[in-house]
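Survey of secondary and tertiary structure
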Amino acid sequence: MKAYNLIGSLFILFVALTSCNSSPVGVKATGLAYEVVVSMDANYWESDLGQAVKDDLLSSVPALPQAEPSTRITYATPKDFNGLLTYVRNIVIVRINPSMYTKAALTYEYDRWSNGQVVIYLNAPDTDMAITYLKENERVMADFIEDVEKKRAADYFESNYSLVVHDNVKNKFNAVLKVPSEMTSSKDETGFFWASNNANTGRIDVVVYDFPYTDSNTFTVDYLVAKRDSVMKNNMPGSFPNSYMTTDTKYATVSYTPITLNGKYCGVMRGLWRMQGDMMGGPFVSHVRLDEINNRVVVVEGFVYAPETEKRNFIRRIEAALYTLRIPGDDGFTN
């Protein structure tokens, strides 16, 4: 597979290094988000093992209206994996060696050849064990890379964010949220805040709302979808009379996954939204947090409207911003 954007960025890096006569040590990692260089022997790449690696890295991103691969792959043989390719931000190296490994395992290393880089090693004594490992640990590499990329984006937003959103969320909800700086269009309603980049292509929006915590069944899909639909109907009208945003439960499944964030419980809800009475729709992702100090539930949600184009990186970008949410009692929260 060829990745022309990746090769172009590597060329720019080469020119920069040549012009300033720099050493490769300390070079910033290059390549675009979710681009991956895979290095393994050519005979393995064209075998069932290579297919298993591709199946993992190219597995579909969940909760999108159409199938989109998790990553973009550039392949290089071990002989060709050198020089500028070693500076790429995400690298997967497959090593099959019976004298070195007794079982299949995944390891990783940060900043091996460039700053901000992650190198994933799939080690195994033989191809069968490597294939079995990947089948038993579905999306293990794709999910790892996604987690790394989300952290990179969230770290970036910590110092590069929309002051409009930050200040409104702080004043209105006593919470901290840092989203992309271009999200400056906003609407402030009672118990509800909305912001958007208002882009013609690749529009991303974020909403924040809270409500009292009174029901032990709050952190369930049924409860949260019903709450979401109620809030969106009242606050997110469409372009036509009586049109409003709702959750698409007829043609899509809403997933709910509990995670630990800042040492506390966080519910992650994913699905598709649509405009009742209109033709708009797309993916959404929500983080649902319990503010124990104030006995309330805080919801931050990002959603995307990008018709006739891929939505993977748009939803991932706004999802990364959700990880910057801080509520009272969190480390890093300041009044």
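Everything discussed here concerns the structure shown above.
Residues numbered from 1 in each chain as written. Predicted model: local features only at pLDDT ≥ 70, side-chain atom pairs only at ≥ 80, totals over all residues. Heavy atoms only, no water.

1. Section: the sheet that holds strand E5 (residues 118–124)
The test is simple: A pair of strands is labelled paired if DSSP reports no fewer than 2 bridges between them. Put simply, DSSP H or I for four residues or longer makes a helix, DSSP E for two residues or longer makes a strand, and each gets a number counted from the N terminus. Between N-to-C directions, angles span 0 to 180 degrees; the directions come from axes that are lines fitted to C-alpha atoms, helices contributing only their stretch in contact. Contacts: residue pairs with any heavy atoms within 4.5 Å of one another.
Here 5 strands make up an open sheet; going across it, the order is E2-E1-E3-E5-E4 and the pairing mixed. Each of the sheet's edge strands pairs with one partner strand only, and the pair in question is strand E2 (72–76) and strand E4 (105–110). Each adjacent strand pair in this sheet contributes to an overall mean axis angle of 20 degrees, direction not counted. Sheet analysis places strand E1 (residues 35–39) next to strand E3 (residues 90–96), joined by 3 bridges and oriented parallel. Note that in E3 the partner of Ser-39 across the bridge is Ile-93. Contacts between helix H3 (residues 48–57) and the sheet are confined to E1, E2, E3 and E5, with E3 contributing the most and set at about 150 degrees to the helix. In the packing of helix H5 (residues 140–157) onto the sheet, the strands contacted are E1, E3, E4 and E5, and the crossing angle to E5 comes to about 165 degrees.

2. Thoughts on the packing of aromatic side chains
Selection rule: Geometry of aromatic contacts follows a simple scheme: Phe, Tyr and Trp rings, the Trp one being its six-membered ring, pair when their centres are within 6.5 Å, and the pair is stacked under 30 degrees between planes, edge-to-face over 60, tilted otherwise. Only protein chains enter the accessibility calculation, which uses a 1.4 Å probe; a residue is then buried when its area is under 20% of its type maximum, exposed when over 50%, and partly exposed in between.
Applying the stated criterion across every chain, the model contains 11 aromatic pairs. Ring geometry for Trp-45 versus Tyr-75: centroids 4.4 Å apart, planes at 5 degrees, classification stacked. In this pair, Trp-45 sits in helix H2 (residues 42–45) while Tyr-75 sits in strand E2, placing the two residues 30 residues apart along the sequence. Residue Trp-45 shares its accessibility class with Tyr-75, and that shared class is buried. Ring centres of Tyr-108 and Phe-144 lie 4.8 Å apart, and the angle between their planes is 45 degrees; on these two criteria the pair is classed as tilted. Within this pair, whereas Tyr-108 is found in strand E4, its partner Phe-144 is found in helix H5, the two being separated by 36 residues in sequence.

3. Quick notes on the nonpolar core
Under the convention used in this document: Residues grouped as a nonpolar core are buried Ala, Val, Leu, Ile, Met, Phe, Trp, Tyr and Cys residues, joined through side-chain atoms within 4.5 Å.
The biggest cluster of nonpolar side chains holds 30 residues, and the ones touching the most others in it are Val-165, Val-169, Leu-177, Val-179, Val-206 and Leu-325. Those residues within four positions of Val-179 in sequence are excluded, and the remaining contacts are Phe-157, Asn-160, Tyr-161, Ser-162, Val-165, Val-206 and Ala-321. Judged by nonpolar contacts, the second largest core, of 24 residues, contains Trp-45, Ile-96, Ala-124 and Tyr-133.

4. Things to note about the pairing of E5
Of all 7 residues in E5, 7 are buried; the element is thus mostly enclosed. Here E5 shows no split at all, with Val-118, Ile-120, Leu-122 and Ala-124 on one side and Val-119, Tyr-121 and Asn-123 on the other all buried. Here 7 bridges tie E3 to E5, and the two strands are oriented parallel to one another. Note on E5: the bridge partner recorded for Ile-91 is Val-119. Two strands pair when backbone bridges link them, and E4 and E5 are joined in this way by 6 bridges, in the antiparallel orientation.

5. A closer look at helix H7 (residues 221–235)
Heads up, the rule is: The span expected for a helix works out to 1.5 Å for each residue beyond the first. The directions considered for the arc run from the helix axis to the C-beta atoms.
Over its 15 residues, H7 runs 21 Å from end to end, which matches the ideal 21 Å to within 8%, given 1.5 Å per residue. Among the residues making up H7, those that are buried are Leu-224, Val-225, Arg-228, Val-231, Met-232 and Asn-235. For H7, the arc enclosing every buried residue in end-on projection is 135 degrees, short of the 170-degree limit, so these residues lie on one face. Facing away from the buried surface of H7 by more than 90 degrees, the exposed residues are Asp-222 and Asn-234.

6. Side note on the packing of H3 against helix H4 (residues 127–136)
The description of two helices packed together rests on the angle between their axes and the distance between the axes. Filter applied, for reference: Small angles under 35 degrees read as roughly parallel and large ones over 145 as roughly antiparallel, with 65 to 115 read as roughly perpendicular and the rest as oblique. By definition, any crossing whose near helix is turned counterclockwise from its far helix by less than a right angle is left-handed, and any crossing with a clockwise turn is right-handed. Under the scheme applied here, ten amino acids are nonpolar (Ala, Val, Leu, Ile, Met, Phe, Trp, Tyr, Cys and Pro), four are charged (Asp, Glu, Lys and Arg), and all others, including Gly, are polar.
Packing of H3 against H4 leaves a shortest axis separation of 9 Å and a crossing angle of 20 degrees. One element, H3, and the other, H4, form an angle in the roughly parallel class. The element H3 and its partner H4 pack so that their crossing is left-handed. Mapping the contact onto sequence places Asp-48, Leu-49, Ala-52, Val-53 and Asp-56 in H3 and Thr-127, Ala-130, Ile-131 and Leu-134 in H4. Here the contact of H3 with H4 is composed, by residue class, of 6 nonpolar, 1 polar and 2 charged.

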